[in-house]
Amino acid sequence: MSAAILRAGSVPRLAWRYLWSRPLTSALNLLLLTLGLAAVTLVLLVATQVDRGFERDVQGIDLVVGAKGSPLQLILAGVFHIDVPPGNIALEDFEALRRNPLVAQAIPISLGDSFAGYRIVGTTHEYPAHYGAELVAGRLWNAPMEAVLGASVAVAMQRAARGPGGDGHPAAGAQGLLGRTFFGTHGLAPGGEEHGGHPYRVAGVLAACGCVLDRLVLTATESVWQVHESAQADDPDDLAVLRQEREITLALVRWRSPLAAVTLPRAINATTPMQAAAPAVEITRLVRLLGVGADVLRAFGGVLLGVAGLNVFIALWNAVRERRADLAMLRMLGAPPVRVGSLLLCEALWLAVLASVLGLAVGHLLAEGVGRLLAGQNAMPVTGALWLPGEWAVPGLAAVLAFASAILPAVQACRVDVAELLGRP
Amino acid sequence: MIRSRALAFAHAGGATLRFPDADLPQGGCLLLRGPSGSGKSTWLALAAGLRTATEGTLVVAGQTLAGPGALPRAARDGWRARHLGFLPQALHLSPALSVAENLALPFFAAGLPRDDRAIADVLGRLDLGAFAGRRPHELSGGQAQRVALARAVLLSPCVLLADEPTASLDDGAAQAALALLMACAADCTATLVVATHDRRAVQALEARPGTVSMLLGAGAGDPRGAAGSGGRSGP
């Protein structure tokens, strides 16, 4: 039994020595294989996470109703918070929509301000409830100008407090943020004009949900009105007029029955100044657009792997020619043809194992890099610290490729004629 | 021991080579002589079980390789690994491996666990202890040949085949190599077969008591013309 194990172990050992007896060729093969597998891993990681992110954020939202304009823009702005909204809708129209018997729920969303690049969203308690958000500290807002921070926002605020620009308060986790005040800036990008005189007070911090809420500051719809109305007028009469013309940005709608899918969007688009966009339709369109990028990267990975496979094949083919005498000598020493052929296969499998480990590592590092880039724009959360079951396909792919590249050289090695050794000087 | 009767081999589409009969006790020495192309390599290939004779019988180390009850092809690799040592003319040490790793190849080929002590022993016996970590291209011709000899005798074979062992050596080295070859064969009481057309080797081996000489190629196809000229001069 132990002899059998030792015997099995000697083929990989010798194959390893042969592999690195040609370090340049092997390193090039390893590089090509690694890059190909890394590209495949990267596409798999990023595409899966983006798809999942879209799916999670869009779950349970049947319709987004907002100002007329691009429906995709409306969805990107209202559901994923990665675009500016096309405009506002009148509060009156929203109330009418909410009373529509086909509508089960309509959550108002008011956009316009941001804090440190994170959007301040005026809404109702229905919004965090929709995503099943939980609080790690404090409570939801009960009055205007109370704010609830998403998990990423809370982390950013804690970091800012500790950093050189902070106010020196020791931040004791999420709990330490409660009661702190901050000012929103006008506009959705950082660097806008600060709304002085209207500080928000942190009432609660949400637990990380891996969804869009992580990147948002939630507050009452009234807060947004209050900040902007007083910015536009201070005369009580003017304020009264503004109150009449109150607006929200858009509404996330869940309908009562699938029947509404046919009639409701048509009714909204035709009879109101609003437009209705179905996230499912728009996301399919968007994913198809993003899919082109993923396909290009995937094809690139495929080409790399193809070239790598060909290169491994050529290298092994040459190795068999170079080592003809070595292989014949092994046969002369009594090695059966299968063991000589398995040396070649094993050499290719070594490459596959090394390339799989390196390729997965590089792929995860690149995914983490992409995640950092996206995080810088407060977009989709993507991480490299994630193992998808689909990634088992990467070593599988490498093994199949190695096997396919090595099978012909291995057969060639099996067929080496030992008697040639005797005839040649 | 080696015993052959009316041995003949036909190359595909070529002439039939007929070999003189041989009868050699275990531990004996057979000198295969003849010019290039006279069939020395073919005879070695037959004795190693690499080729199968088309006629006649051949028994090597108690194993029938040609004739009734011949060992099937598939079993010959294992038989060769356990019973045969081979010293090729071009040595065929693997340039990718160190001396010690080259000596591990017989274990690999035979499917045996690598025995580092045996490798160290044989290196010591052949005065190669200092070269275990070297690559073959870092050795002199004589050293490289000793490594190849060490590889051939590592598993204590019953039969040791040497193909032109002195071809590329000067007189002194050739004498030393032959002496070592005979000593190693004697160490494991192996039957020694040396194929050569080198006069120095012929003289040295014929001086050894018990050497059987077989002249090939003098009249291919006529066994009587290829009679053993050295004859049996010992027990």
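Residues numbered from 1 in each chain as written. Chains lettered and ligands numbered in written order. Predicted model: local features only at pLDDT ≥ 70, side-chain atom pairs only at ≥ 80, totals over all residues.

The next point concerns the overall build of chain B. Secondary structure summary: chain B contains 7 helices and 10 strands in total. Computed over the C-alpha atoms, the radius of gyration of chain B is 17 Å, within 12% of the 18 Å expected from 2.2 N^0.38 for a compact globule of 235 residues. Dimensions along the principal axes, computed over C-alpha positions, put chain B at roughly 50 × 40 × 35 Å. Within chain B, residue pairs in contact and separated by at least 24 positions form 69% of the contacts whose partners lie at least 6 positions apart. (Helix = DSSP H or I, 4+ residues; strand = E, 2+ residues; numbered from the N terminus. Rg over C-alpha atoms; globule rule 2.2 N^0.38 Å. Contact = placed C-beta atoms within 7 Å.)

With that out of the way, let us pick up the overall build of chain A. The helix and strand tally for chain A stands at 14 helices and 13 strands. In summary, chain A has a C-alpha radius of gyration of 31 Å against a globular reference of 22 Å for 425 residues, an excess of more than 25%. For chain A, the spread of C-alpha atoms along the three principal axes comes to 110 × 55 × 40 Å. Here chain A, with 425 residues, has 43% of them falling under the buried criterion. For chain A, the share of sequence-separated contacts (at least 6 apart) that also reach a separation of at least 24 residues comes to 77%. (Buried ≥ 20, exposed ≤ 12 C-beta atoms within 10 Å, placed from the backbone.)

This part takes up helix 6 (residues 171-187) of chain B. Residues and elements named next belong to chain B. If you check helix 6, its first and last C-alpha atoms are 24 Å apart, about what 17 residues at 1.5 Å a residue would give, namely 24 Å. Listed as buried for helix 6 are Ala-174, Ala-177, Leu-178, Leu-180, Leu-181, Cys-184 and Ala-185. Looking straight down helix 6, one finds its buried side chains confined to an arc of 165 degrees; they lie on one side. Facing away from the buried side of helix 6 by more than 90 degrees, the exposed set consists of Asp-171, Gly-172, Ala-179 and Asp-187. (Expected span 1.5 Å × (residues − 1). Arc of directions from axis to C-beta.)

Here the focus is the pairing of strand 6 (residues 63-66) of chain B. Residues and elements named next belong to chain B. Note: strand 5 (residues 55-60) against strand 6, 3 bridges, orientation antiparallel. Each bridged residue has a counterpart across the sheet, and for Val-59 the counterpart in strand 6 is Thr-64. Connecting the antiparallel pair strand 5 and strand 6 is a turn made up of 2 residues, with Ala-61 showing a positive phi of about 50 degrees. (Pairing = 2+ DSSP bridges.)

Attention shifts here to the packing of helix 3 (residues 71-80) of chain A against helix 10 (residues 279-322) of chain A. Residue and element names in this part refer to chain A. The interhelical angle for the contact between helix 3 and helix 10, taken along N-to-C directions, is 100 degrees, at an axis separation of 10 Å. Looking at the two axes, helix 3 sits roughly perpendicular to helix 10. When helix 3 is examined against helix 10, the residues Pro-71, Leu-72, Ile-75 and Val-79 are found in contact with a partner set consisting of Pro-279, Glu-282, Arg-285 and Leu-286. A per-class count over the contact of helix 3 with helix 10 returns 6 nonpolar, no polar and 2 charged. (Axes fitted to C-alpha atoms, helices over the stretch in contact; angles between N-to-C directions. Parallel < 35°, antiparallel > 145°, perpendicular 65-115°, else oblique. Nonpolar A, V, L, I, M, F, W, Y, C, P; charged D, E, K, R; others polar.)

This part is about the domain arrangement of chain A. Under the domain assignment used here, chain A contains domain 1 (2-53 + 292-423) and domain 2 (63-277). Here the C-alpha centre of domain 2 of chain A lies 50 Å away from the C-alpha centre of domain 1 of chain A. (Domains from an automatic or database assignment.)

All names here are of chain A. Tracing the chain through its elements places Ser-10 in helix 1 (residues 2-19). Among the residues examined, Ser-10 registers 21 C-beta atoms within 10 Å and is labelled buried. Considering only alpha carbons, one finds Ser-10 and Leu-386, 376 residues apart in sequence, at a separation of 36 Å.

Another point: the nonpolar core. Ranked by internal contacts, the top residues of the largest apolar core, which has 194 residues, are Leu149(A), Ala251(A) and Leu161(B). Built from parts of two domains, this core gets at least three residues from each of domain 1 (2-53 + 292-423) and domain 2 (63-277) of chain A. The residues contacting Ala251(A), other than those within four sequence positions of it, are Val65(A), Phe94(A), Leu97(A), Ala106(A), Ile107(A), Pro108(A) and Ile109(A). (Core = buried A, V, L, I, M, F, W, Y, C linked by C-beta atoms within 7 Å.)

Residues and elements named next belong to chain B. Spatially, 7-8-9-4-10 is the arrangement adopted by the 5 strands of the open sheet, whose pairing is parallel. In this open sheet, the two edge strands, each paired with only one partner strand, are strand 7 (84-87) and strand 10 (211-215). Each neighbouring strand pair of the sheet contributes to a mean axis angle of 15 degrees, computed without reference to strand direction. Helix 5 (residues 141-153) contacts strand 7 and strand 8 (159-163) of the sheet and is inclined by roughly 170 degrees relative to strand 7.

A word on the packing of helix 5 of chain B against helix 6 of chain B. Residues and elements named next belong to chain B. For the pair helix 5 and helix 6, interaxial distance at closest approach is 11 Å and the crossing angle is 15 degrees. Our classification of the angle between helix 5 and helix 6 gives roughly parallel. Regarding helix 5 and helix 6, the two cross each other, and that crossing is right-handed. Contact residues: Gly-142, Gln-145, Arg-146, Leu-149 and Val-153 in helix 5; Ala-173, Ala-177, Leu-180, Leu-181 and Cys-184 in helix 6. The residue makeup of the contact of helix 5 with helix 6, split by class, is 7 nonpolar, 2 polar and 1 charged. (Left-handed = near helix turned anticlockwise from the far one by under 90°.)

Turning next to the interface of chain B and chain A. Taken together, the contact pairs 27 residues of chain B with 24 residues of chain A. Looking at the side of chain B that touches chain A, the elements that each hand over two or more residues are helix 1 (40-47), helix 2 (73-83) and helix 3 (99-110) of chain B. In terms of residues, the side of chain B that touches chain A owes the most to one element, helix 3 of chain B, which gives 6 residues. For the side of chain B that touches chain A, a count of residues per class yields 15 nonpolar, 6 polar and 6 charged.

All names here are of chain A. Judged from the 4 bridges that link them, strand 1 (residues 63-67) and strand 12 (residues 250-255) form a sheet pairing that is antiparallel. Each bridged residue has a counterpart across the sheet, and for Gly-66 the counterpart in strand 12 is Leu-250. By the bridge criterion, 6 bridges tie strand 3 (residues 103-115) to strand 12 in an arrangement that is antiparallel. Note on strand 12: the bridge partner recorded for Gln-105 is Arg-254.

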